[in-house]
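In case you want the letters, here they are:
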Amino acid sequence: MSISIQARPDYSFLFSSLGSGAASVSGSTFLMDYASIKNGSYYKLMKAYYSETGSDEVKSLVNNGTSGQVDAKSLARVQSSTDALKEAADALLEKGSDSVFKKKDITTVDENGVETTRRDYDAESIYKAVDNFVTNYNAVIEAVDDYRGDTVTRRTESMVNATLSNIKLLNKIGITVNEDSTLSLDKDTFMNAEMSTVESLFGENGSYGYRVSAQASLINYSADRDANRANTYTFTGAYSNLYNAGSLFNSYF
């Protein structure tokens, strides 16, 4: 007689008897959700709702669908804005023929109509790229201010600190930091600045722009982690379907 024992990597197989639908997802989020219910978070929400002394705020949030609705929308903004900021920062870091800092033949005409061609930076194109960076940087600051998740906030503070550590050079090219940590870009100052300074700030490995790109990735990663573990409950006891994991188990309530 021989005995065959099949190794199991986790406990998810214990719940496969719930049916084929549950079996297909039991290995992903079921144990996490089971733990959430077991540790009392669901009970506390229901108690807060049905208690005679329950706050109107809790009842209002639950009746509107979920206690996590505001965070869900804010979290989505953090995710999309950090994606856009990384894209804007990486555009300034491009090398070779795609580099915005690649010098070109620039033709100017003086007051007498005389044309002069010189090899130089395309300041207008660089300005547009930096302006796009500033716009998306500000969008991240505003999105994180609305969300206020601990890890996401700490990552954003690191990004702001990177900005403050380069404030003198940034001021030289027309970028200032506002009281709310957003940035302002003055075009006149920028167009009169040395483009080599702009390139040193945004176009080199290890530069300020490089650090912001890295921080945007870390903020986005933290937001993704929050989304993956943040299922909430509706007033019927079902899942809110506002986060990535969705409403996989609603049919079982």
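Thresholds applied
Residues numbered from 1 in each chain as written. Predicted model: local features only at pLDDT ≥ 70, side-chain atom pairs only at ≥ 80, totals over all residues. Heavy atoms only, no water. Helix = DSSP H or I, 4+ residues; strand = E, 2+ residues; numbered from the N terminus. Buried < 20%, exposed > 50% of the residue type's maximum accessible area, 1.4 Å probe, protein only. Contact = heavy atoms within 4.5 Å. Areas by Shrake-Rupley, 256 points an atom, 1.4 Å probe, with all protein chains shown as cover. Salt bridge = Lys/Arg side-chain N within 4 Å of Asp/Glu carboxyl O. Expected span 1.5 Å × (residues − 1). Polar contact = N/O pair within 3.5 Å; in protein donor to acceptor, adjacent residues only side chain to side chain. Axes fitted to C-alpha atoms, helices over the stretch in contact; angles between N-to-C directions. Left-handed = near helix turned anticlockwise from the far one by under 90°. Nonpolar A, V, L, I, M, F, W, Y, C, P; charged D, E, K, R; others polar.

Draft legend 1. The arrangement of the overall build of the protein in detail. A count of helices and strands for the protein gives 11 helices and four strands. Buried positions account for 38% of the 253 residues belonging to the protein. Across the protein, contacts joining residues at least 24 apart in sequence account for 62% of those joining residues at least 6 apart. Split by element, the accessible area of the protein, about 15000 Å² in all, is 48% carbon and sulfur.

Draft legend 2. View of unusual backbone geometry. For Ser 181, which is not a glycine, the phi torsion comes out positive at approximately 75°. With respect to the element layout, Ser 181 can be found in the loop between strand E3 (175–177) and strand E4 (183–185). Classification of Ser 181 as partly exposed rests on a relative accessible area of 23%.

Draft legend 3. Fine view of the pattern of salt bridges. Within the structure shown, the criterion is met by six salt bridges. Of the charged contacts, one joins Asp 146 and Arg 77 as a salt bridge, the two residues approaching to 2.4 Å between their closest N and O atoms. Placement of Asp 146 in helix H6 (residues 123–147) and of Arg 77 in helix H5 (residues 69–93) is noted, with a sequence separation of 69 residues between them. On the basis of relative accessibility, which here comes to 40%, the residue Asp 146 falls in the partly exposed class. For Arg 77, a relative accessible area of 35% puts it in the partly exposed group. Residues Lys 104 and Asp 122 are paired through a salt bridge, measuring 3.7 Å at the closest nitrogen-oxygen approach. With Lys 104 in strand E1 (residues 104–109) and Asp 122 in the loop between strand E2 (115–120) and H6, this pair connects stretches of sequence that are 18 residues apart.

Draft legend 4. Local environment of helix H11 (residues 208–228). With 21 residues, H11 extends 30 Å between its outermost C-alpha atoms, agreeing within 8% with the 30 Å of an ideal straight helix rising 1.5 Å per residue. By the burial criterion, the buried members of H11 are Tyr 208, Gly 209, Val 212, Ser 213, Gln 215, Ala 216, Ile 219, Asn 220, Ser 222, Ala 223, Asp 226 and Ala 227.

Draft legend 5. Highlighting the environment of Asp 110. By the element assignment, Asp 110 lies in the loop between E1 and E2. Taking the relative accessible area as the measure of exposure, Asp 110 reaches 32% and is therefore partly exposed. There is a polar contact of 2.8 Å between the side chain of Asp 110 and the backbone nitrogen of Val 114.

Draft legend 6. Spatial organisation of the packing of H6 against helix H7 (residues 150–164). Interaxial distance between H6 and H7 falls to 10 Å at its minimum, and their mutual angle equals 145°. The handedness of the crossing between H6 and H7 comes out as left-handed. Contact with H6, carried on its side by Tyr 137, Val 140, Ile 141, Val 144 and Tyr 147, involves Val 152, Thr 153, Thr 156, Met 159, Val 160 and Thr 163 of H7 and no other residues of that element. Classifying every residue of the contact of H6 with H7 gives eight nonpolar, three polar and no charged.

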